[in-house]
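Fold and geometry: a report
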Amino acid sequence: MANEEMKVRVRFAPSPTGMLHLGGARTAIYNWAFARSQGGDFILRIEDTDPERSTHENTQIILRALRWLGLEWDEGPEVGGAVGPYFQTERMATYEAALEELKATGAAYPCFCSKERLDACRAQAEKSQGGYAGYDGHCRDMDPEEAAARIAAGEPHVWRLRVPEGHGPIAFDDAVYGAMSFPADVMDDLILVRSDGSPTYNFAVVCDDANMGITHVIRGDDHLSNTPRQILIYEALGLPVPIFAHLPMILGPDGKKLSKRHGATNVEDYRDRGFLADAMVNYLALLGWSLDGETTQIPREMLASEFSLERISKKDAVFDEEKLTWLDGVYMREMSVGEWIGEATPWLAYAHRLGAQALAGVSVVPSPDKDQQKERLASLIAPWQDVPEEEWQELVAEVADRRAWYERIYPLIIERQTTFNELPDKLAFLFWGANVALDEKSVAKVLKKEGGRADEALELCREVLTDGSIPWEAEPLQEACRAKGEAAGLKPKLLFQPLRVAVSGNQVSPPLLESIELLSRSDVLARIDGVLSIMR
RNA sequence: GUCCCCAUAGUCUAACGGUUAGGACGCGGCCCUUUCAAGGCUGAAAUACGGGUUCGAUUCCCGUUGGGGGCACCA
């Protein structure tokens, strides 16, 4: 057992067999937060013992995702540390040493059963007993001399753990689930080392956690049933058992284990859909943990000081993207102009491209279906990926060159966005130049309304916007329009909605006169004239 | 088949024997308003079921039901 004076050391140990998914990200967050709150060390270890599925690219993807989330590790890949290396494939000597120890005490024995025999056993057990109960111990009591001879003859074999007979229940105190107890007699003799000499997961994990001085193992619930097996290995090796904390699963909206069919499960997809890392960390932290049941905004710094294992929930949690989206909006609104431009640049550049692609002159486009629109936004992953590199560089450079202008968009949009993916659609009209793409529904509802005075309203506004004596600024332009509308008996709504549609193409847009201020007089007048011409 | 875990509104959660069962997302209404947001106020919505223990159960115990995970030469 770890005593109180020991420095807390925790680790996140992903296997590089794919992307970093939401569950893994939350496990990493909890490990990180626990280490920070305890003044301990957060270690990253790559479990790449499965050569079939582990790749260098996947490792890089995981490191990148962790860095995006802002979870810096104290020891691990690219950072180093005193108990490295931090890739399991580079620690083979330590597993071999541990195996030698187990061989010497008789706690490990060689097993020559072929994969085929084991498969057959399993198949038969499933047929006759309805389920597999584990390895049947075929080689457990083989004569040591026979075993030695067969090894010497080069016969393929694995090494299994000899689970002690008459071992009482394996008990441990889980920091989340409390007192746990598993009967030892249902435990079969698990494989420690494969026939190719590589360690299995359970064996490598125990060796590494022990050698790296891990004090608390915080990991997914799916490892709960592995824990008694691992404790058996700790015991056989005579090593101290760390404290375990198992985390409940993250489920999809249908209550099933979260998977691709629920949409994005890869954290980098969220980045590429325009979510903020801060919101992601906050949301994920709250999925299975609470500070006090009241607080929903828990920034990283607060997590790093207030996180506690005691308040982790035992219950599986459903991932709710709507709440994440709301929280993302909260963090968005807290951003300064500078931060906003920095993060939003690709989407602003993409909005520019989208707007510049608008058709020439005035056109009417069908209104998107609300649900389809939502789905489209959800599946937009870094939409600029398809843009030719050279063109893209120019677009991005433009945002930097005209930074002052782009900064003026900030107050118009900051309270109207929840993720960056919404920006292109909402801001494209700023890049239309003299052209307009009219939304079909908006035309029907605002411009062609029965008995409406839309054309009259547009004429009035046009007069004001033509008047060079009025400064091209939102406030004076608005007041002048308002006065003119009032004189003509036009309520503000009847006056401004037609103008909104004529300029932005839609009955819903960012603040109208403030947007007009960002456009040139000639473009605005051209849009109004164009719209007027098709109304007649 | 077997081992293990879980159970408060649609969702995330608080209440560790005594509360009008609290907060958040989402949903409805009102206010603000030239649209949409944001903001403010407000409404509907939960202790899975059945037994105990107790003066008193969301809370403790047992059972039922419902969900989840493990039982690989994967991790």
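Just so it is clear, the structure is predicted and the values come from calculations on it, not from any experiment.

**What to know about the protein's contact with RNA strand B**
RNA strand B sits among 64 residues. The nearest are Y132, R194, K315, E415 and Q478. Atoms of RNA strand B within 4 Å of the protein belong to the sugar or the phosphate in 69% of instances, the rest to bases. T49 places a side-chain nitrogen or oxygen 2.8 Å from a phosphate oxygen of RNA strand B. Between RNA strand B and L286, the relevant distance is 3.1 Å, taken from a sugar or linking oxygen to a main-chain nitrogen or oxygen of the residue. Within the residue set of the surface near RNA strand B, elements represented by two or more residues are α4 (115–128), β6 (178–182), β11 (317–318), α11 (321–333), α20 (474–487) and α21 (492–504). With five residues, the single largest contributor to the surface near RNA strand B is α21. For the surface near RNA strand B, a count of residues per class yields 20 nonpolar, 20 polar and 24 charged.

**Here's the deal with the domain arrangement of chain A**
Here the domain parsing of chain A yields domain 1 (1–87 + 248–333), domain 2 (92–246) and domain 3 (337–535). Once you take the C-alpha centre of each, domain 1 and domain 2 turn out to be 28 Å apart. With 26 residues of domain 1 at the contact, the number on the domain 2 side is 25 residues. Interface area, domain 1 with domain 2, both sides summed: about 2,200 Å², of which 60% is carbon and sulfur. Seen at the junction of domain 1 and domain 2, the total is three salt bridges. Across the salt bridge formed by D208 and R45, the nearest N and O atoms sit 3.6 Å from each other. In this structure, the connection of domain 1 to domain 2 is made through eight residue pairs in polar contact (both at pLDDT 80 or more).

**Focus on the packing of aromatic side chains**
Counting across every chain of the model gives 15 aromatic pairs. Between Y270 and F319 the ring centres are 5.9 Å apart and the planes differ by 70 degrees, which places this aromatic pair in the edge-to-face class. Here F319 lies in the loop between β11 and α11 and Y270 lies in helix α8 (residues 267–272), a separation of 49 residues in the sequence. For Y270, a relative accessible area of 1% translates into the label buried. Here the aromatic rings of W384 and W392 are separated by 5.6 Å at their centres, their planes lie at 5 degrees, and the arrangement is stacked.

Calculation rules
Residues numbered from 1 in each chain as written. Chains lettered and ligands numbered in written order. Predicted model: local features only at pLDDT ≥ 70, side-chain atom pairs only at ≥ 80, totals over all residues. Heavy atoms only, no water. Near = heavy atom within 4 Å. Polar contact = N/O pair within 3.5 Å; in protein donor to acceptor, adjacent residues only side chain to side chain. Helix = DSSP H or I, 4+ residues; strand = E, 2+ residues; numbered from the N terminus. Nonpolar A, V, L, I, M, F, W, Y, C, P; charged D, E, K, R; others polar. Domains from an automatic or database assignment. Contact = heavy atoms within 4.5 Å. Buried area = accessible area lost by both parts, 1.4 Å probe. Salt bridge = Lys/Arg side-chain N within 4 Å of Asp/Glu carboxyl O. Phe/Tyr/Trp six-rings, centres within 6.5 Å; stacked < 30°, edge-to-face > 60°. Buried < 20%, exposed > 50% of the residue type's maximum accessible area, 1.4 Å probe, protein only.

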